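This is what each chain is made of:
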Amino acid sequence: MSRRSPLPPLNALRAFEAAGRHLTFRAAAEELGVTQGAVAQHVRGLEAQLELRMFLREARGLSLTEEGRTYHAAVSQAFAQLSEATARLRPAPGHVTISVTPTFASKWLIPRLPGFGLAHPEIDLRVMATERVTSFHSDGIDLAVRQGEPPFGASIRADPLFRHGIMAVCAPDLVEGCALPLGAEAMARQTLLHDTHDLWPPFLRAAFPGVRFGRMRGIRFSQTTLGLDAALAGQGIALASRFLVDRDLAAGRLVQPVAHTHQGPRDYYLLASRRRMTPAPAAARDWLLAQADPA
């Protein structure tokens, strides 16, 4: 049975490997977080143990000797193998990129991210908030939440998340002293907060049948989330899907001044490519569907 040759100290090998890559003790020391003198001492100790010169000290820096070059290649390969073996023992967290609208992100997803993190600490969730229609392939998207009407195409799997049930909401102070729900006369004195969906006309027709409202004060926003922020600030009455405002209603930050709930067009769906999903996107998809209320 052959005896193994005694190995040099690991710190000496690390110093030698780093110095051989950088060809300066200074750069090797910066990488390893030690002093330049410590790197030089480790290399001198290695050379003494092996009874070989690893480096030639030149005015412009270091150069590897022939023996040093051969040994450095073997030591570098050994460290690389150790790094790869360690990485296999510690799998990288799964990455999931989900595309959602800014309103869905700020009003629904972000408040629930702590719950997702507790359920799936192994998943690195990346949220892309955009109104733009995204491409699963070119944008690297795993999941998307969008309003729409099926079918979405043969390559897309669509699962219903939430119905688009529209309700009016405002800050409690805005209607303090008013009898709720508001009647048509009281409603006509309010400021309406509009977004790009322009759902106030059909909402008012359905909530107050037979009533013709004249020109009402209003503020227009490019995104629903901005209108909801304005409603929270007491600037008027906004329209939003119930699931987006449930938490604010439960906490008393918003109230429902009109009893009517209007069924808006295009419900919310969770979209995914029909290609085989890896475990991380599949787990995120299952978690989202568990939160769903499509009824």
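Residues numbered from 1 in each chain as written. Predicted model: local features only at pLDDT ≥ 70, side-chain atom pairs only at ≥ 80, totals over all residues. Heavy atoms only, no water.

**What to know about the pairing of strand E2 (residues 61-64)**
Side-chain positions along a regular strand alternate between the two faces of the sheet. Formally: For two strands to pair, DSSP has to find at least two bridges joining them. Elements are defined by DSSP. Helices are runs of H or I of four residues or more, strands are runs of E of two residues or more, and each kind is numbered from the N terminus.
Inspection of the sheet shows strand E1 (residues 55-58) paired to E2 by 4 bridges, in the antiparallel sense. Looking across to E2, one finds that phenylalanine 55 is bridged to leucine 64. Counting the residues that bridge the hairpin from E1 to E2 gives 2 residues.

**Overview of helix H9 (residues 242-251)**
Inclusion rule: Remark: exposure states derive from per-residue accessible area (1.4 Å probe, protein chains only) relative to the maximum for the residue type, with buried under 20%, exposed over 50%, and partly exposed in between. Here, two residues are considered to be in contact whenever any of their heavy atoms come within 4.5 Å of each other.
Within the sequence span of H9, burial applies to Phe243, Leu244, Val245 and Asp248. Packing partners of the buried residues in H9 comprise helix H5 (102-119), strand E6 (156-162), strand E7 (165-169), helix H8 (224-232), strand E10 (237-241) and strand E12 (267-273).

**Quick notes on the packing of aromatic side chains**
As a reminder, the rule being used: In this scheme Phe, Tyr and Trp rings, the latter by its six-membered ring, pair at centre separations within 6.5 Å, and the angle between planes marks the pair as stacked below 30 degrees, edge-to-face above 60, and tilted otherwise.
For the coordinates displayed, the defined rule picks out 12 aromatic pairs. Each ring, one from phenylalanine 208 and one from phenylalanine 213, has its centre 5.4 Å from the other, and the planes form 75°; the classification is edge-to-face. Looking at phenylalanine 213, the relative accessible area reads 22%, which means it is partly exposed. Taken together, the ring pairs in this structure connect Phe104, Trp108, Phe162, Phe243 and Tyr268 into an aromatic cluster.

**Quick notes on the side chain of threonine 191**
We count it as follows: Any pair of nitrogen or oxygen atoms within 3.5 Å is treated as a polar contact; in protein, a donor-acceptor pairing is required on top of that, and neighbouring residues in sequence qualify only through side-chain atoms on both sides.
Along the chain, threonine 191 falls in the loop between helix H6 (184-188) and strand E8 (192-194). According to the relative accessible area criterion, threonine 191 is buried, its value standing at 16%. There is a polar contact of 3.3 Å between the side chain of threonine 191 and the side chain of arginine 217. Once residues within four sequence positions are removed from consideration, threonine 191 is found in contact with Arg217, Gly218, Ile219, Gln235, Gly236 and Ile237.

Nothing here speaks to function; it is all geometry.
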